[in-house]
Amino acid sequence: MIRVLFADKPPNWPRYEGPLSDAIAATGLEAEIVQPGEADPSTVDYIVYSPQGPVQDFTAYTKAKAVLNLWAGVERVVGNTTLTQPLCRMVDQGLERGMVEYVTGHVLRYHLGIDAALAQQDGVWHHDGGVPPLARNRSVVMLGLGALGKACAEALAGLGFAVTGWSRTPKEIAGITCLSGEEGLRAALSRAEILVSILPDTPETTNLLNSRTLTLLPKGARIINPGRGTLIDDDALLASLGVGQVGHATLDVFRTEPLPPEHPYWAHPNVTVTPHIAAESRAETASEVIAENIRRGEAGELFLYLVDRSRGY
Ligand SMILES: NC(=O)c1ccc[n+]([C@@H]2O[C@H](COP(=O)([O-])OP(=O)(O)OC[C@H]3O[C@@H](n4cnc5c(N)ncnc54)[C@H](OP(=O)(O)O)[C@@H]3O)[C@@H](O)[C@H]2O)c1
């Protein structure tokens, strides 16, 4: 009998209780799922972890074979000095589909000029702007081609958009122009009519979009950031919006969350704030990923989605 600690915040337990028990049972393993305080930490085999949960010190979990994060982002745990166990991030089909829908929706909104249409219900026949170009004549750039960025890039390419992706290492993805490295970033930004950033928060990605890189964008570019707030230098973005270099930004993630009420983004006419709702792990599908990793741990196989702690994601 293995012991699994469910260490997400307690209100999330009812959503996971059935799916996680079922998914582990489906692997053929016998498991007892406990919550923090219900078992001696030194008897726990696997920790289902969340950055919002009560367990942030892993010192007492001497037997644990892995920490299985329920979130895709690991920036709040990757530098935890008490963590000596392997750390796995979440790659979940439900999370991925949510991100694809969020990104596709906001790209289409920009592409079709939906905000302008909503603002122009004024009895005037605004035909002078003409029809929007076809998607194939609209250049969309995806910063990050990981589990989420790649799925979004492919969905947008499937709608016909001219999609360029940028990642740390070179890639080949059918239907996507893939770039990497410093030179690749410059080339990608210079063609980004719509820029989507789905990068992780690491020392290398912090302030990637800054006063220098934002000037590389075509004038009036739109930005969608469901990655992490640290990717953007906020003062540089506000300055860029002020002079029209960036035409509009849709921001889902922020350096401080919840975004403080006095933050200039809230009242900015060219910023849309969404409250970190682009995508979240779904209990049914995320439980299957957790269960598969527990199965692998018990079988002595390599874990899925192992975080490279030196790289930070
Ligand atoms: N807003 C939300 O609701 C929400 C929900 C889930 C996740 N997220 C965010 O989305 C992020 C991405 O998730 P994921 O599952 O797609 O992660 P992932 O699979 O680890 O992919 C990360 C991508 O970023 C690239 N990358 C990392 N560092 C880079 C650098 N210095 N320069 C260029 N490219 C770099 C990686 O390049 P390589 O492929 O070359 O390694 C990879 O393509 C998460 O870390 C999280 O912050 C947000």
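Below is a summary of the structure that appears in this document. Keep in mind that what you see is a predicted model, and the values were worked out from it rather than measured.

Let's shift gears to the site of the ligand. The environment of the ligand is made up of 30 residues, and the closest members are Leu-148, Thr-169, Lys-171, Pro-226 and Tyr-313. Note that an oxygen atom of the ligand is positioned 2.9 Å from one of the backbone N or O atoms of Leu-148. Lys-171 is positioned such that a nitrogen or oxygen atom in its side chain is 2.7 Å from an oxygen atom of the ligand. Looking at the shell around the ligand element by element, the count peaks at three residues for helix α4 (residues 147-158).

Where helix α1 (residues 13-26) meets helix α8 (residues 283-299), the axes come as close as 8 Å, and the angle between the chain directions of the two elements is 40°. Looking at the two axes, α1 sits oblique to α8. The interaxial crossing formed by α1 with α8 has right-handed handedness. Between α1 and α8, the residues in contact are Arg-15, Tyr-16, Pro-19, Leu-20, Ala-23 and Ile-24 and Ala-283, Glu-284, Ala-286, Ser-287, Glu-288, Ile-290, Ala-291 and Ile-294, respectively. Of the residues that constitute the contact of α1 with α8, the class distribution is 10 nonpolar, one polar and three charged.

In the structure shown here, the tally under the stated rule is four aromatic pairs. Between Phe-6 and Trp-13, the aromatic rings sit 4.9 Å apart at their centres with planes inclined by 50°, giving tilted as the arrangement. Using a relative accessible area of 15% as the deciding quantity, one classes Trp-13 as buried. On the numbers, 6.2 Å between centres and 50° between planes, the contact of Phe-254 with Tyr-265 is tilted. Of this pair, Phe-254 sits in the loop between β11 (246-251) and α7 (264-267) while Tyr-265 sits in helix α7; the two residues are 11 residues apart in sequence, bridging distant segments of the chain. Above the face of the Tyr-110 ring, Arg-109 is positioned so that its terminal group lies 5.0 Å from the ring centre. Over the ring of Tyr-313 we find Arg-311, and its NZ or CZ is 4.3 Å from the ring centre.

For the rest of this paragraph, the subject is the pattern of salt bridges. Under the defined criterion, the tally for this structure stands at 14 salt bridges. For the salt bridge of Asp-115 with Arg-109, the shortest nitrogen-to-oxygen distance reads 2.8 Å. Owing to a relative accessible area of 31%, Asp-115 belongs among the partly exposed residues under this scheme. Residue classification places Arg-109 among the buried residues on the basis of a relative accessible area of 11%. Of the charged contacts in the structure, one is a salt bridge between Glu-183 and Arg-186, with a shortest N-O distance of 2.7 Å.

Within the secondary structure layout, Asp-234 lies in helix α6 (residues 234-242). Note on Asp-234: relative accessible area 17%, which makes it buried. Side chain to side chain, Asp-234 and Tyr-265 meet in a polar contact 2.6 Å long. Discounting residues that sit within four places of it in the chain, Asp-234 has contacts with Arg-255, His-263 and Tyr-265.

Before going further, it helps to examine a nonpolar patch on the surface. On the surface, a cluster of nonpolar side chains totalling about 290 Å² of accessible area is made up of Leu-112, Ile-114 and Leu-118. The partly exposed category is assigned to Ile-114, whose relative accessible area is 35%.

Conventions we followed
- Residues numbered from 1 in each chain as written.
- Predicted model: local features only at pLDDT ≥ 70, side-chain atom pairs only at ≥ 80, totals over all residues.
- Heavy atoms only, no water.
- Near = heavy atom within 4 Å.
- Polar contact = N/O pair within 3.5 Å; in protein donor to acceptor, adjacent residues only side chain to side chain.
- Helix = DSSP H or I, 4+ residues; strand = E, 2+ residues; numbered from the N terminus.
- Axes fitted to C-alpha atoms, helices over the stretch in contact; angles between N-to-C directions.
- Parallel < 35°, antiparallel > 145°, perpendicular 65-115°, else oblique.
- Left-handed = near helix turned anticlockwise from the far one by under 90°.
- Contact = heavy atoms within 4.5 Å.
- Nonpolar A, V, L, I, M, F, W, Y, C, P; charged D, E, K, R; others polar.
- Phe/Tyr/Trp six-rings, centres within 6.5 Å; stacked < 30°, edge-to-face > 60°.
- Buried < 20%, exposed > 50% of the residue type's maximum accessible area, 1.4 Å probe, protein only.
- Lys NZ or Arg CZ within 6 Å of the ring centre and 35° of its normal.
- Salt bridge = Lys/Arg side-chain N within 4 Å of Asp/Glu carboxyl O.
- Patch = residues over 30% accessible without salt bridge, like charges linked within 9 Å, V, L, I, M, F, W, Y side chains within 5 Å.
- Areas by Shrake-Rupley, 256 points an atom, 1.4 Å probe, with all protein chains shown as cover.

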